[in-house]
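Residue strings, one per chain:
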Protein chains: 4
Amino acid sequence: MTEQDGAGFAWPAGCRAASAFTFDVDAESCVLVNDPAAVDRMSLMGHQSYGPRVGVPRLLRMLERQEVRATFFVPGFTADCYPDVVKSIVDHGHEIAHHGYLHEPMRGISAEDEAEFLDRGLEALDRAAGVRPVGYRAPWWETNWHTPRLLAERGFAYDSSLLDDDVPYRIETSAPGTPSLIEIPVDWALDDWEQYAFYPGWTGSGVIESPLKVLEMWWLEARARHAEGGCFVLTNHPFLSGRPAKTHALEELVERVKGLDGMWVTTLQEIAAHAEEVCGPGRVHQRPEVRPA
Amino acid sequence: MTEQDGAGFAWPAGCRAASAFTFDVDAESCVLVNDPAAVDRMSLMGHQSYGPRVGVPRLLRMLERQEVRATFFVPGFTADCYPDVVKSIVDHGHEIAHHGYLHEPMRGISAEDEAEFLDRGLEALDRAAGVRPVGYRAPWWETNWHTPRLLAERGFAYDSSLLDDDVPYRIETSAPGTPSLIEIPVDWALDDWEQYAFYPGWTGSGVIESPLKVLEMWWLEARARHAEGGCFVLTNHPFLSGRPAKTHALEELVERVKGLDGMWVTTLQEIAAHAEEVCGPGRVHQRPEVRPA
Amino acid sequence: MTEQDGAGFAWPAGCRAASAFTFDVDAESCVLVNDPAAVDRMSLMGHQSYGPRVGVPRLLRMLERQEVRATFFVPGFTADCYPDVVKSIVDHGHEIAHHGYLHEPMRGISAEDEAEFLDRGLEALDRAAGVRPVGYRAPWWETNWHTPRLLAERGFAYDSSLLDDDVPYRIETSAPGTPSLIEIPVDWALDDWEQYAFYPGWTGSGVIESPLKVLEMWWLEARARHAEGGCFVLTNHPFLSGRPAKTHALEELVERVKGLDGMWVTTLQEIAAHAEEVCGPGRVHQRPEVRPA
Amino acid sequence: MTEQDGAGFAWPAGCRAASAFTFDVDAESCVLVNDPAAVDRMSLMGHQSYGPRVGVPRLLRMLERQEVRATFFVPGFTADCYPDVVKSIVDHGHEIAHHGYLHEPMRGISAEDEAEFLDRGLEALDRAAGVRPVGYRAPWWETNWHTPRLLAERGFAYDSSLLDDDVPYRIETSAPGTPSLIEIPVDWALDDWEQYAFYPGWTGSGVIESPLKVLEMWWLEARARHAEGGCFVLTNHPFLSGRPAKTHALEELVERVKGLDGMWVTTLQEIAAHAEEVCGPGRVHQRPEVRPA
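These numbers come from a predicted model, not from an experiment.

Focus on the overall build of chain A
- Tallying secondary structure elements over chain A gives eleven helices and nine strands in all.
- Here the C-alpha radius of gyration of chain A, 19 Å, is about what a compact globule of 293 residues would show, namely 19 Å.
- Dimensions of chain A, computed from the C-alpha atoms along their principal axes, are close to 50 × 50 × 45 Å.
- Taking all 293 residues of chain A together, 67% fall into the buried category.
- Partitioning the contacts of chain A with sequence separation of at least 6, the portion at a separation of at least 24 is 74%.

Focus on the packing of helix H2 (residues 42–66) of chain D against helix H10 (residues 244–258) of chain D
Residues and elements named next belong to chain D.
- Contact geometry of H2 with H10 gives a least axis separation of 10 Å together with a crossing angle of 30°. Considering their axes alone, H2 and H10 lie roughly parallel with respect to each other. Where H2 crosses over H10, the two elements pack in a sense that is right-handed. Contact with H2, carried on its side by Tyr-50, Arg-58, Leu-59, Met-62, Arg-65 and Gln-66, involves Pro-244, Thr-247, Leu-250, Glu-251, Val-254, Glu-255 and Lys-258 of H10 and no other residues of that element.
- The residue makeup of the contact of H2 with H10, split by class, is six nonpolar, two polar and five charged.

Here's the deal with the relation of the copies chain B and chain C
- Least-squares fitting of chain B to chain C yields an RMSD of 0.0 Å, with the transformation described by 0.0 Å of translation along the axis and a rotation of 90°. Within this description, the copies of the chain are treated as partners about a four-fold rotation axis. Minimal C-alpha separation from the rotation axis in chain B is found for Ser205(B), amounting to 4.4 Å.

Comments concerning the relation of the copies chain D and chain A
- Between chain D and chain A, which share one sequence, the superposing operator has a rotation angle of 90° and an axial displacement of 0.0 Å; the RMSD is 0.0 Å.
- Here only 7% of the contact residues of chain D are again contact residues in chain A; the copies associate through non-equivalent surfaces.

Side note on helix H11 (residues 268–278) of chain C
- By the burial criterion, the buried members of H11(C) are Leu268(C), Ile271(C), Ala272(C), His274(C) and Ala275(C). One side of H11(C) holds all its buried residues, which, seen down the axis, span an arc of 165°.

Points about the pattern of salt bridges
- A full pass over the atoms with the stated rule returns 87 salt bridges over all chains.
- Across the pair Asp166(B) and Arg58(A) runs a salt bridge, and its minimum N-O distance is 2.5 Å. Linking Asp166(B) in the loop between strand S5 (158–159) and strand S6 (169–172) with Arg58(A) in helix H2 (residues 42–66), this pair reaches from one chain into another.
- On the basis of relative accessibility, which here comes to 7%, the residue Asp166(B) falls in the buried class.
- Residue Glu221(C) is joined to Arg225(C) by a salt bridge in which the shortest nitrogen-to-oxygen separation is 2.9 Å. With Glu221(C) and Arg225(C) both in helix H8 (residues 211–228), this residue pair falls four residues apart, about one helical turn.

Some points on H10(D)
Residue and element names in this part refer to chain D.
- Between its terminal C-alpha atoms H10 stretches 21 Å, which fits the 21 Å expected from 15 residues at 1.5 Å a residue.
- The buried count for H10 comes to eleven of 15 residues, which makes it a mostly enclosed element.
- Taken together, the buried positions of H10 are Pro-244, Ala-245, Lys-246, Thr-247, His-248, Ala-249, Leu-250, Glu-251, Leu-253, Val-254 and Val-257.

As for the confidence of the model for chain A
- Averaged over every residue, the pLDDT of chain A is 95; residues scoring 70 or more account for 97%.
- Scored by ipTM, the complex comes to 0.96, with pTM at 0.97.

Describing the interface of chain D and chain A
- Listed by partner, the interface residues are 44 residues for chain D and 44 residues for chain A.
- Here chain D and chain A share an interface that buries about 3,800 Å² over both sides, 56% of which is from carbon and sulfur atoms.
- At the boundary of chain D and chain A, one finds seven salt bridges.
- The salt bridge partner of Lys213(A) is Glu209(D), with a shortest N-O separation of 4.0 Å.
- Where chain D meets chain A, there are 18 residue pairs in polar contact (both at pLDDT 80 or more).
- When residues of the side of chain D that touches chain A are assigned to their parent elements, the largest contribution, twelve residues, is made by H2(D).

So, the packing of aromatic side chains
- Summed over the entire model, instances satisfying the criterion amount to 48 aromatic pairs over all chains.
- One aromatic cluster is present, formed by Trp140(A), Trp141(A), Trp188(A), Trp193(A), Trp202(A), Phe239(A) and Phe198(D) through successive ring pairs.
- Arg120(A) extends its terminal NZ or CZ atom over the ring of Tyr101(A), reaching a point 4.0 Å from the ring centre.
- Looking at Arg243(C), its charged tip hangs above the ring of Tyr50(C), at a distance of 3.7 Å from the centre.

A look at the interface of chain B and chain C
- The interface is formed by 45 residues belonging to chain B together with 44 residues belonging to chain C.
- Summed over both partners, the interface of chain B with chain C comes to about 3,900 Å²; 56% of that surface belongs to carbon and sulfur atoms.
- For the pair chain B and chain C, the interface holds seven salt bridges.
- Here chain B is connected to chain C by 18 residue pairs in polar contact (both at pLDDT 80 or more).

Concerning the side chain of Lys213(C)
- Examined against the element boundaries, Lys213(C) turns out to sit in helix H8.
- In this view, Lys213(C) contacts Val207(B), Ile208(B), Glu209(B), Ser210(B) and Gln195(C); residues no more than four positions away in its chain are not counted.

What about unusual backbone geometry?
- Unusually for a residue other than glycine, His103(A) sits at a positive phi of about 55°.
- With respect to the helices, strands and loops of the structure, His103(A) is situated in the loop between strand S3 (95–98) and helix H5 (111–129).
- Given a relative accessible area of 3%, His103(A) falls into the buried group.
- Despite not being glycine, Glu67(D) has its phi angle at roughly 55°, a positive value.
- Residue position: Glu67(D) is located in the loop between H2 and strand S2 (71–74).
- Judged by relative accessible area, Glu67(D) falls into the exposed class, the value being 73%.

Conventions we followed
- All chains use their own residue numbering, which begins from 1 and follows the written sequence.
- Written order determines the labels here, with chains lettered from A and ligands numbered from 1.
- Since the coordinates come from a predicted model, pLDDT governs what is reported: local features require at least 70, and pairs of side-chain atoms require 80 or more to be given and counted, while whole-chain, interface and lining totals use all residues.
- Computation of side-chain values covers all heavy atoms of the structure but excludes hydrogens and water.
- Only runs of H or I of at least four residues qualify as helices and only runs of E of at least two qualify as strands under DSSP, and these elements are numbered from the N terminus.
- The size measure is the radius of gyration over C-alpha atoms, and the globule rule it meets is 2.2 Å times the number of residues to the 0.38 power.
- Exposure is judged per residue with a 1.4 Å probe applied to protein chains only, and the accessible area is read against the type maximum: over 50% gives exposed, under 20% gives buried, and values in between give partly exposed.
- In this analysis, two residues are considered to be in contact whenever any of their non-hydrogen atoms come within 4.5 Å of each other.
- Note on method: axes are straight lines fitted to C-alpha atoms, helices fitted across the in-contact stretch only, with angles between N-to-C directions ranging 0 to 180 degrees.
- Oblique is the label for every angle not falling under 35 degrees (roughly parallel), over 145 degrees (roughly antiparallel), or within 65 to 115 degrees (roughly perpendicular).
- By definition, any crossing whose near helix is turned counterclockwise from its far helix by less than a right angle is left-handed, and any crossing with a clockwise turn is right-handed.
- Gly counts as polar in this scheme, as do all residues outside two lists: the nonpolar Ala, Val, Leu, Ile, Met, Phe, Trp, Tyr, Cys and Pro, and the charged Asp, Glu, Lys and Arg.
- Copy-to-copy superposition: least squares on the C-alpha atoms, limited to residues that have pLDDT of at least 70 in both copies.
- Note: the arc covers the axis-to-C-beta directions of the helix.
- One side-chain nitrogen of Lys or Arg within 4 Å of one carboxyl oxygen of Asp or Glu is enough to make a salt bridge.
- Given a helix with a known number of residues, its expected span is that number minus one, times 1.5 Å.
- Each residue carries a pLDDT score, the predictor's own confidence in it, on a scale running from 0 to 100.
- When two parts are put together, the accessible area they lose, computed with a 1.4 Å probe and summed over both, is reported as buried area.
- Polar contact is defined as a pair of N or O atoms within 3.5 Å, subject to the rule that within protein one atom must be able to donate a hydrogen and the other to accept it, and that residues adjacent in sequence are counted only when both atoms are side-chain atoms.
- To pair, rings of Phe, Tyr and Trp, with the six-membered ring standing in for Trp, must have centres within 6.5 Å; the planes then decide the type, stacked if under 30 degrees apart, edge-to-face if over 60, and tilted in the middle.
- Distance and angle both matter: a charge sits over a ring if NZ of Lys or CZ of Arg is within 6 Å of the ring centre and within 35 degrees of the ring normal.

Shown next, in the form of structure tokens:
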């Protein structure tokens, strides 16, 4: 279990692997975008508002205790509804990044529509806290083949939505003049959604896992990526992992990850800035084609 | 794991946190309201009647052994069908609270319809055991924005259906003359439904969890809320957690929670009465609004 | 965890609780009855035939090693297709009981249709192995209010399909002249289906549990029922629990249950015969009625 | 747990049981065949391409460290898109076998259509790496009653898609002149799909299990089959089990299985060649028939 798998990524001097704790502050957006009538469900709206109102402050206290800086992906709608929460995240020294306006479903949409969602999200983050983000994460991690170009055109430094690698890499975006974008990949096994989410008439498989199971699974993954020289990117939602026992388990994980020898614990922005320096030519992604029979 | 997260709620002298064990005695109601034809399913009806007939007596014996008083949310239909069970709960010194008449789906209904369900439930509890409850829990924890006002108008002291905080708080209800209602929030991770419920042609994800897993998860949450000075509200259904091994695991949890230093173990009614004294001005809940594009 | 919950059932002298290991030998029936076209799915048919062809022999060897007699519920279709398997079960000294003809869905059907399924099942068990069963278990444990009468009219001594108690009891069947039937209740938490079943395009939640989790959960339940003087009835399907590691875990459970002080390990037939002697007047089951608003 | 269950299969001298680690390199095929529009989902396509691009190299390094030869089932589409990956698998000394062209759904299709998929797959493996496979595994393990004959006609030595036994056996295929085919059965409990697969809008129950749970479950099964003299065939998908912590857990399993006394760890091709020598007459599979009422 202590292999050197030779991912061979050149981390900064003294570091053998990297990790980032990220939070998607979806609040009500991810419910409302699919079901506008859910605005009448007072309990569900409260369940979602728990994220910015209660979960984020608890997570900020935890991160402060642990002296860790994190990345918060904030949909524009969250920024419009909870500007003080966004400012508080900034004031604690964390990174704010882009996560759509209303957590829009990006599947199959045109570049024009996607551009509009991107621009609305940028405007809202600026309006709420004067933030211009350098990072983007697609709602539901759903990207289109035109997404990297749209991001490069808007000056984003990195995306964190693809599930196709274990270390950051450069994407060839085909955007004229600004061809480069860093990708910092994610993994559904490193997301709290399918472990904890359950709400009748909205989402969930009906199973809510124990934070101890989740801690065990994520710790296995952190150790494996540390051993290989990889990149451990964890995604949590404050309305889920901001609840008491889940934050406690997450704090235990943060402590353990910090204790790994040579593990760089930082924001995605810093990982992207480092990757920008060391990554070679951009990878060209190709849409698969099925050979006719 | 022993942080002081500073929820800062003022518990009674000598107490640093609070907990309540609550039971929703749904019996057949939660099945019949969605599928009246299920009345012909003899096995399913028996599965549900197990709650009041077998589960409640076992749970009452357990609570007696543990010297704990609990809160039982009883739909009017259960009270009409099993009045002796309701009386027995009262005779054991526990609190009876309101849980709809037939566990009605409250989603999207008018204030008039909801008022009728509330009144029918009140009449049934009165008819069965002369009880006038001070607490309410919405079926499926589903509330509407008008729900708090309806409760205040009927003299309820508290609601326990929202999922938006970790400690009790006052709700501004906008009811003329009786503006105040205490909310004691709940959490899907502290409910036995999605851990244990499974019945073909009715409900369940197909996974029934081990009581040891559930005990572990709830104990984590109890310890986390104790450490933070929060409020641990557990919801069980007698047709599920009233079965032998599940009651045994629950008894183990009750023992552990009682053993936490400064943990107040009581009914929701007593927690609400205390909150009524110490909570500041009511929180105004606002229906979210999505900014036009 | 060592309470005496006073279920107060009078077990035979020297026994404080009872247990029965039961097996539903559904084979292809439970698939074909819902989807006749599945007969063309060679892999699925083989997956089901594994039950009688491979699972039952392995389970018979295990039961022989453990010197335990069990109850096998055999649909008529299984008896018609695998008569030698039925004979082998009989030759090993186990009980054969009734489980429908083709594992028919009993929900909402008329007494006439249900009677026909009962009679077809009886004919098949007689044809295959000259067996006249005294016990019945409804497919999917789905009974109708007329089911007890139909069973009593055919001379069945017991049913094992209801989920409304922890110990056997007498049912008032309203059948003229033969009013009595013993019920030996079951529990979805004591069934291997929702722990292990998964087959794309047929059934399953997508999660297959570890036999260690299942062993733990069932052992908790066995101990709880032993402590209370109850009845532990476990239901397994040979196409699931007849596979190697699952049978090993089951054997471990059988050994532990046998080791419980005063635990009577026997067939449902023997439990029913004992209950027939000690149970008081029959319980009258009543179809719930919802009070008009 | 150390029974000799007398499966009685004659393994090579010195061996008491056999095991094979197999990998289905589905890549994008299993998504695209059901939903051609998914080709526009950049993130999902990347999630699938992770298998050949990142998962396979990691697994090859792991197998090399463990000095184990494995069997890789490669759909023709994967071979067409990633020929270098196929060559690399061959160069590492592993077996390449057939897994359809585009992971076609075989349920209910004609022999003519199935033959065409088989031939397209053969052509692609030849085109990519000059490979002529001797083994076949049906996509989704879904076979038709004509499948064995089609395989025998094309000179396949074995199939590994049925779930009806624990040891290899000979199938009577009814193909004129080439009647024999070895079957090496599989088991859904020995597949990583329902343990790990989750992708919104594509697949999964919402639960992703911990690699520790999966390791425990598979190790139980390996020990049980070793104790009985059976055959342990494990199926993994590189886009799932090729991720860091999952490969680590798998490596731990490989080490343990290698350490079992007398356990033959090899490819399916070698198991089939041995079975060809020792298996008796072919088993005739019969399509079930339901007796008219």
